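Structural overview
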Amino acid sequence: MAHDEDVAGSERTLYPYVTGTSVIGIKYKDGILMAADTGGSYGSTLRYKSVERMKVIGKHSLLGASGEISDFQEILRYLDELILYDNMWDDGNSLGPKEIHNYLNRVMYNRRNKFNPLWNSLVLGGVKNGNKYLGVVTMLGAHYEDNHVATGFGNHLAVPILRSEWKEGMSFEEAVKLLEKCLLVLLYRDRSSINKFQIAKITEEGATIYPAYSLKTFWGFSAFQNPGQFAEGTW
Amino acid sequence: MDPLHDMNLDAPHSMGTTIIGVSYDGGVVLGADSRTSTFSCWFRVISALPPPGMYVANRASDKITQLTENVYVCRSGSAADTQVVSDYVRYFLHQHTIQLGQPSTVKVAANLIRMLSYQNKNMLQAGLIVGGWDKYDGGQIYSVPLGGTILKQPFAIGGSGSSYLYGFMDQAWKEGMSKDEAEKLVVKAASLAMARDGASGGVIRTVIINADGVTRNFYPGDTHPLWHDELEAQNSLLDVLSSGGAACPEPMST
């Protein structure tokens, strides 16, 4: 039977190799806060433990990615070129998060149409002229904006928490605490997460990617002590 | 259906090798086993061909390949794919060196490897570790696994044998090792992996790269330490019996 590689010129990516898990993003008083762990999984092995999955783009945006790391690195190269040409105009204008989001959407959707997707879910956040922006683009080319977003497992575990506890105009401290609450749940329940996180912030002043750190976990529920006490063989 | 499409997507391709790269203050030490095993054609099984992954086609291969005077690459995965990728990158780097007027940096070499791995990700099965020394950033190790991700690391492991080394390296690798400590670690790790991985074996080759140049070392199987459940090598049972060391078993009778 003919395989896609055998048909002249056609190619498709079938599956990812080195992957990153959830990215979470929220709007807060001064701008956008984003969080992700620093893990790169290889199948079920937690192979790489220091992968930076959030990067600053231009002057106004932050990009976080889950999915295939090599495709994320390639997207960063595309964006490098985009920003370079933008700077070369030297006209005082600069691409804002809305424009970058749109560009990424075009790239991802066009690749999807060729059955050769960039295997990522992207979170694009930023601030320009006082306007906060936070959006997502998936490997299928689906895109949307919201006050709080997440990718992968984060959609199932973090978004419900954010829907319940996010509010307009949170302070930096409140926002970090909220992100950490989500990160901890993901650490407990997402098999591909690791206990090494980075938080990134973008405001009108600029972007900061904070150094990686770990969170304390809690195991002190009495029910955890002897789960088989009343039901032998339970797990 | 056909083997290409019903692979377990959760299990990455295993590669018949153990490769290691460790950086130390002043340079890098690269190490690898020497076993190349066969892979029959997936689509047909012919009795005349050796069974897949079972025959050792070369028991003394050199998996640490030179790219430039100061940069080498450890190859795992398809022997053919990695040879061809190395050849292309060596060619590009040669031109780059001429145009630059000085030795190429390790970063450039690693990124060329990445470029070929990424752009041909659908066709290649190549897990590579690039290691070398340059005057700007000293000793560096770059991992380029399947898919073409590039990651700079203080040390890297790869190949099927590396599965057995994650825990070991987590415990044994320390910041700020000397050249000798780094090489000892590489040899110990390769030896442990070869003890458990059927697809790794033979001799351990190491390549040390630093400001002073490149040193190649060779550790044949009989120089490795013995691990759990392994026995000292003998010339013959007859020697064992004559030395009277092992208790001579009584003949069994019903």
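Residues numbered from 1 in each chain as written. Chains lettered and ligands numbered in written order. Predicted model: local features only at pLDDT ≥ 70, side-chain atom pairs only at ≥ 80, totals over all residues. Heavy atoms only, no water.

1. Concerning the overall build of chain A
Secondary structure assignment for chain A yields five helices and 13 strands. If one aligns the C-alpha atoms of chain A with their principal axes, the spans along those axes are about 70 × 60 × 30 Å. Sorting the 235 residues of chain A into buried and exposed places 49% on the buried side. A separation threshold of at least 6 residues defines the contact pool for chain A, and within that pool the share at least 24 residues apart is 62%. Within the structure as shown, chain A displays about 12,200 Å² of accessible surface, and the carbon and sulfur contribution to it stands at 52%. Charged side chains of chain A number 25 positive and 27 negative; the gap between the two group centres comes to 4 Å. (Helix = DSSP H or I, 4+ residues; strand = E, 2+ residues; numbered from the N terminus. Buried < 20%, exposed > 50% of the residue type's maximum accessible area, 1.4 Å probe, protein only. Contact = heavy atoms within 4.5 Å. Areas by Shrake-Rupley, 256 points an atom, 1.4 Å probe, with all protein chains shown as cover. Lys, Arg positive; Asp, Glu negative; His and termini not counted. Charge placed at Lys NZ, Arg CZ, Asp CG, Glu CD.)

2. Points about the overall build of chain B
Counting its secondary structure elements, chain B contains five helices and twelve strands. Sorting the 254 residues of chain B into buried and exposed places 44% on the buried side. Counting only contacts in chain B whose residues sit at least 6 apart along the sequence, the fraction spanning at least 24 positions is 62%. Element-wise, carbon and sulfur atoms account for 55% of the exposed surface of chain B, whose accessible area totals about 13,700 Å².

3. Digging into the confidence of the model for chain B
All names here are of chain B. Here chain B averages 88 in pLDDT, while 87% of its residues score no lower than 70. Note that residues 40-47 has pLDDT below 50 and, in this model, ten contacts with residues that lie over four places away or in other chains. Scored as a whole, the predicted complex attains pTM 0.88, and scored at its interfaces, ipTM 0.83. (pLDDT = per-residue confidence, 0-100.)

4. A short note on the UniProt feature "active site" (unreviewed entry) in chain B
Residues and elements named next belong to chain B. When the UniProt feature table is mapped to this numbering, "active site" (unreviewed entry) covers Thr17. Along the chain, the position of Thr17 falls in the segment before strand S1 (19-24). On the basis of relative accessible area, Thr17 is assigned to the buried category, the value being 3%. Discounting chain neighbours no more than four positions away, the residues touching Thr17 are Asp33, Lys63, Arg75, Ser76, Gly77, Gly158, Gly159, Ser160, Gly161, Asp197, Ala199 and Ser200. (UniProt positions renumbered as here; feature names shortened; annotations may be inferred.)

5. Details of the nonpolar core
Residues and elements named next belong to chain A. Residues Ile24, Ile26, Leu33, Leu178 and Leu179 are the most contacted members of the largest nonpolar core, which totals 23 residues. Elements with a contribution of two residues or more to this core: strand S2 (23-28), strand S3 (31-37), helix H3 (153-165), helix H4 (172-189) and strand S12 (197-203). Sorting elements by how many residues they give to this core places H4 first, with eight residues. Those residues in contact with Ile26 that sit more than four places away from it in its chain are Gly31, Ile32, Leu33, Leu134, Asn147, His148, Leu162, Trp166, Ala175, Leu178 and Leu179. (Core = buried A, V, L, I, M, F, W, Y, C linked by side-chain atoms within 4.5 Å.)

6. Concerning the environment of Leu157 of chain A
Residue and element names in this part refer to chain A. Structurally, Leu157 is set in helix H3. Given the relative accessible area of 24%, Leu157 is considered partly exposed. Between the C-alpha atoms of Leu157 and Asn129, which are 28 residues apart in sequence, the distance is 33 Å.

7. Quick word on the packing of aromatic side chains
Residue and element names in this part refer to chain A. What the rule picks out here adds up to ten aromatic pairs over all chains. A centroid spacing of 5.0 Å and a plane angle of 85 degrees characterise the contact between Phe218 and Phe221, whose relative ring orientation is edge-to-face. Assessed through its relative accessible area of 44%, Phe218 is described here as partly exposed. Three or more aromatic residues link up through ring pairs in this structure, and these residues are Tyr188, Phe218, Trp219, Phe221 and Phe224. One residue, Arg47, lies across the ring of Tyr42, its end atom 4.6 Å from the ring centre. Over the ring of Phe172 we find Lys201, and its NZ or CZ is 5.4 Å from the ring centre. (Phe/Tyr/Trp six-rings, centres within 6.5 Å; stacked < 30°, edge-to-face > 60°. Lys NZ or Arg CZ within 6 Å of the ring centre and 35° of its normal.)

8. A word on the pairing of S12 of chain A
All names here are of chain A. Counted residue by residue, S12 has seven buried out of seven residues, so it is predominantly covered. Side-chain alternation along S12 places Phe197, Ile199, Lys201 and Thr203 on one buried face and Gln198, Ala200 and Ile202 on a second face that is also buried. The pairing of S3 with S12 spans seven bridges and is antiparallel. Looking across to S12, one finds that Met34 is bridged to Ala200. As defined by bridge partners, S12 adjoins strand S13 (residues 207-209) across three bridges and the pair is classed as antiparallel. Note on S13: the bridge partner recorded for Ile202 is Ala207. (Pairing = 2+ DSSP bridges.)

9. With respect to helix H1 (residues 79-100) of chain B
Residue and element names in this part refer to chain B. Compared with an ideal rise of 1.5 Å per residue, which puts 22 residues at 32 Å, H1 spans 31 Å between its outermost C-alpha atoms and is within 8% of the ideal. Taken together, the buried residues of H1 touch strand S5 (64-66), strand S6 (71-77), helix H2 (106-119) and strand S7 (126-134). One side-chain oxygen at the N-terminal end of H1 lies 3.4 Å from the backbone nitrogen of Ala80; it belongs to Ser78. (Expected span 1.5 Å × (residues − 1). Polar contact = N/O pair within 3.5 Å; in protein donor to acceptor, adjacent residues only side chain to side chain.)

10. Looking at the sheet that holds strand S11 (residues 204-210) of chain B
Residue and element names in this part refer to chain B. Strands sit in the order S10-S1-S2-S11-S12 across an open sheet of five strands; the sheet is antiparallel. The strands lining the two open edges of the sheet, one partner per strand, are strand S10 (155-158) and strand S12 (213-219). Sheet twist, expressed as the mean angle between neighbouring strand axes with direction ignored, is 10 degrees. Of the strand pairs in this sheet, S11 and S12 are connected by seven bridges, and their pairing is antiparallel. Across the sheet, residue Thr206 finds its bridge partner in S12, namely Asn217. Sitting on the sheet, helix H4 (residues 179-196) touches S1, strand S2 (27-32), S11 and S12, and the angle it makes with S11 is about 155 degrees. (Axes fitted to C-alpha atoms, helices over the stretch in contact; angles between N-to-C directions.)

11. Quick notes on the side chain of Ser191 of chain B
Residues and elements named next belong to chain B. Considering the arrangement of structural elements, one finds Ser191 in helix H4. The class of Ser191 is buried, set by a relative accessible area of 4%. The residues touching Ser191, leaving out its near neighbours within four places in the chain, are Ile204, His224, Pro225 and Trp227.

12. A few points about a nonpolar patch on the surface
Taken together, the side chains of Tyr188, Phe218, Trp219, Phe221 and Phe224 of chain A define a hydrophobic patch exposed on the protein surface, amounting to about 560 Å² of accessible area. Within the fold, Phe218 of chain A resides in the loop between S13 and helix H5 (222-225). (Patch = residues over 30% accessible without salt bridge, like charges linked within 9 Å, V, L, I, M, F, W, Y side chains within 5 Å. Salt bridge = Lys/Arg side-chain N within 4 Å of Asp/Glu carboxyl O.)

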